[in-house]
Amino acid sequence: MFNKMLSSIGIGNTKIDAQLDKQSYMAGETVTGKILVTGGKVEQEVDQIYLSVNTKYVKESDDKRFNVNVIMDKIKIAESFTIQPGESKEIPFSFILSPQTPLTIRDKNVWIDTGLDIKKAVDPGDIDYIQVNPSQLVNAVLKAVDSLGFKLIEVESKEVHRSFEKLPFVQEFEFKPRSGQYKGLLDEIELIFLPSEDQVEILMQIDRKARGLSGLFAEAMDQDESYVRFTVTNSDSSTVQETIQEIVNQNIH
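Thoughts on the overall build of the protein
- Each helix and strand counted, the protein has 4 helices and 15 strands in total.
- Evaluated residue by residue, the protein yields a buried proportion of 45% over its 253 residues.
- A sequence separation of at least 24 residues applies to 63% of the contacts in the protein between residues at least 6 apart.
- Here the protein has roughly 13900 Å² of accessible surface; of this, 48% comes from carbon and sulfur atoms.

And the structure:
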């Protein structure tokens, strides 16, 4: 009886450890691994094992900025079972990491939370941060922008008030021209990627550099910014630089 009481407050309870086959994944890739479950001091009934993919984004309210955690996906791994004292179980798992998962270019902002549901006891958990790399298509876009003389300055997930793929946020990539033909002509460009299985939709903001009084007035009125929405498919990967260059040129004046 005393051991059962201790187990209900988390002492001598069942423990879990999620072991990923690797720590680095591309958005859209299959994540694989195993979960090790070790029984505590008493027999316990486990209702379910779940994995959840989590990230964070910036929310602004009353001129203040703060981070909000959000569950992007939750995967049920196992049905109910009984774990005996000291018993060990090994449960394999696999799931597809959503193509919309934010990239971890500048921050550890994606983690996998593993948990057990146990009635009348403290539910144990385990957190593993993962690195999320761009898909081949998104990477082709990033390399094309770099080749045009733009340097990545900031990457940030921000709240949006309209639905993009049912997520409450988008990840913004801010670039500034450091060399090439756009240095001195543009202040910056910003990209938002909306990827799917075989294509990526791109929202681009082009911020022209103010020139003269009319330019300064336009900048003050936010009229120096152009917004473009276009799609790149796998068949376009070899010509993506020319596509972006053409779009920027069309919106530079």
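Description of the pairing of strand E4 (residues 44-61)
- With 3 bridges joining them, E4 and strand E6 (residues 81-83) adopt antiparallel strand pairing. Note that in E6 the partner of Glu45 across the bridge is Thr82.
- Strand direction decides the pairing type here: E4 and strand E8 (residues 110-118), joined by 9 bridges, are antiparallel. Counted as the bridge partner of Leu51 is Thr114 from E8.
- Here E4 pairs with strand E5 (residues 64-78) via 13 bridges, running antiparallel. Across the sheet, residue Tyr57 finds its bridge partner in E5, namely Val68.

Thoughts on the packing of aromatic side chains
- One pass over the full model with this rule turns up 5 aromatic pairs.
- Where Phe93 meets Phe95, the ring centres are 6.3 Å apart and the plane angle is 25°; that geometry is what we call stacked. Taken as a pair, Phe93 and Phe95 share a single burial class, namely buried.
- When the centroid spacing of 5.2 Å and the interplanar angle of 70° are considered together, the rings of Phe173 and Phe193 count as edge-to-face. Remark: Phe193 occurs in strand E13 (residues 186-195) and Phe173 occurs in strand E12 (residues 167-177); sequence separation between them is 20 residues. As far as the burial class goes, Phe173 and Phe193 line up, both buried.
- Just above the ring of Tyr50 sits the side chain of Lys74; from NZ or CZ to the centre is 4.3 Å.

Describing the nonpolar core
- Formed by 58 residues in total, the largest nonpolar core has its most connected members in Ile49 and Ile244.
- For this core, the element with the most residues is helix H2 (residues 136-147), which contributes 7 residues.
- The contacts of Ile244, once residues within four sequence positions are left out, are Val141, Ala144, Val145, Leu148, Met204 and Phe230.

What about the pairing of E12?
- For E12, a buried count of 9 out of 11 residues is recorded, marking the element as mostly surrounded by other parts of the structure.
- Judged from the 4 bridges that link them, E12 and E13 form a sheet pairing that is antiparallel. Looking at E13, one finds that Glu172 is bridged to Ile192.

Looking at H2
- Between its terminal C-alpha atoms H2 stretches 16 Å, which fits the 16 Å expected from 12 residues at 1.5 Å a residue.
- Residues of H2 that are buried: Leu137, Val138, Ala140, Val141, Leu142, Ala144 and Val145.
- Remark: Gly149 follows H2 within two positions and exhibits a positive phi of approximately 100°.

Let's talk about the side chain of Ser226
- On the secondary structure map, Ser226 appears in strand E15 (residues 225-233).
- With near-sequence residues (within four places) excluded, Ser226 lies in contact with Met204, Gln205, Ile206, Arg208 and Asn251.

Regarding the sheet that holds strand E7 (residues 88-96)
- Judged by pairing direction, the sheet is antiparallel, and its 3 strands sit side by side in the order E1-E3-E7 without closing on themselves. Unpaired on one side and paired on the other, strand E1 (15-20) and E7 mark the two borders of the sheet. Strand-to-strand twist of the sheet, defined as the mean angle between neighbouring strand axes without regard to direction, takes the value 20°.

So, how was this worked out
- Residues numbered from 1 in each chain as written.
- Predicted model: local features only at pLDDT ≥ 70, side-chain atom pairs only at ≥ 80, totals over all residues.
- Heavy atoms only, no water.
- Helix = DSSP H or I, 4+ residues; strand = E, 2+ residues; numbered from the N terminus.
- Buried < 20%, exposed > 50% of the residue type's maximum accessible area, 1.4 Å probe, protein only.
- Contact = heavy atoms within 4.5 Å.
- Areas by Shrake-Rupley, 256 points an atom, 1.4 Å probe, with all protein chains shown as cover.
- Pairing = 2+ DSSP bridges.
- Phe/Tyr/Trp six-rings, centres within 6.5 Å; stacked < 30°, edge-to-face > 60°.
- Lys NZ or Arg CZ within 6 Å of the ring centre and 35° of its normal.
- Core = buried A, V, L, I, M, F, W, Y, C linked by side-chain atoms within 4.5 Å.
- Expected span 1.5 Å × (residues − 1).
- Axes fitted to C-alpha atoms, helices over the stretch in contact; angles between N-to-C directions.

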